[in-house]
Amino acid sequence: MPRFFFNIRDGYDVDEDEEGIELPDFDAARAEALATVEELRDELRDAGNIELEIVDETGRRLLTVPFFRGGKRR
């Protein structure tokens, strides 16, 4: 099974996921990322432009999911 890493990016600062998680495919990784963003959105409400990025085992960025869209925070 492929391993995906979920890094949190705040501007130029990156908190890298060093362990990652094995998931069946990209669709499962995307679902995991969306669920994580939804879960953490309220906790990170006062933070800057935070994004969760999915990276594969080669270090290639596959998808970036913003915590807040269009600068509006709920």
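Keep in mind that this is a model prediction, so the values were computed, not measured.

A. Structural detail: the overall build of the protein. On a plain count of helices and strands, the protein comes out with one helix and five strands. Overall, the protein shows an N-to-C arrangement of helices and strands of β-β-β-α-β-β. At a minimum sequence separation of 6, the contacts of the protein that also span at least 24 residues come to 49%. For the protein, the accessible surface area stands at approximately 5300 Å², while carbon and sulfur atoms represent 43% of it.

B. View of helix α1 (residues 26-40). When the terminal C-alpha atoms of α1 are compared, their 21 Å separation across 15 residues agrees well with the 21 Å that a helix rising 1.5 Å per residue should span. For α1, every residue scored as buried is listed here: A29, A33, V37 and L40. The buried residues of α1 occupy an angular sector of 80 degrees when the element is viewed end-on, so they sit on one face. Exposed side of α1, more than 90 degrees from the buried face: D27, E38 and E39 are the residues found there. Those residues of α1 that are buried are in contact with β1 (3-10), β4 (50-55) and β5 (61-66). For α1, the side-chain oxygen to backbone nitrogen distance between the N-cap and D27 is 3.2 Å, and the N-cap itself is D25.

What counts as what
Residues numbered from 1 in each chain as written. Predicted model: local features only at pLDDT ≥ 70, side-chain atom pairs only at ≥ 80, totals over all residues. Heavy atoms only, no water. Helix = DSSP H or I, 4+ residues; strand = E, 2+ residues; numbered from the N terminus. Contact = heavy atoms within 4.5 Å. Areas by Shrake-Rupley, 256 points an atom, 1.4 Å probe, with all protein chains shown as cover. Expected span 1.5 Å × (residues − 1). Buried < 20%, exposed > 50% of the residue type's maximum accessible area, 1.4 Å probe, protein only. Arc of directions from axis to C-beta. Polar contact = N/O pair within 3.5 Å; in protein donor to acceptor, adjacent residues only side chain to side chain.

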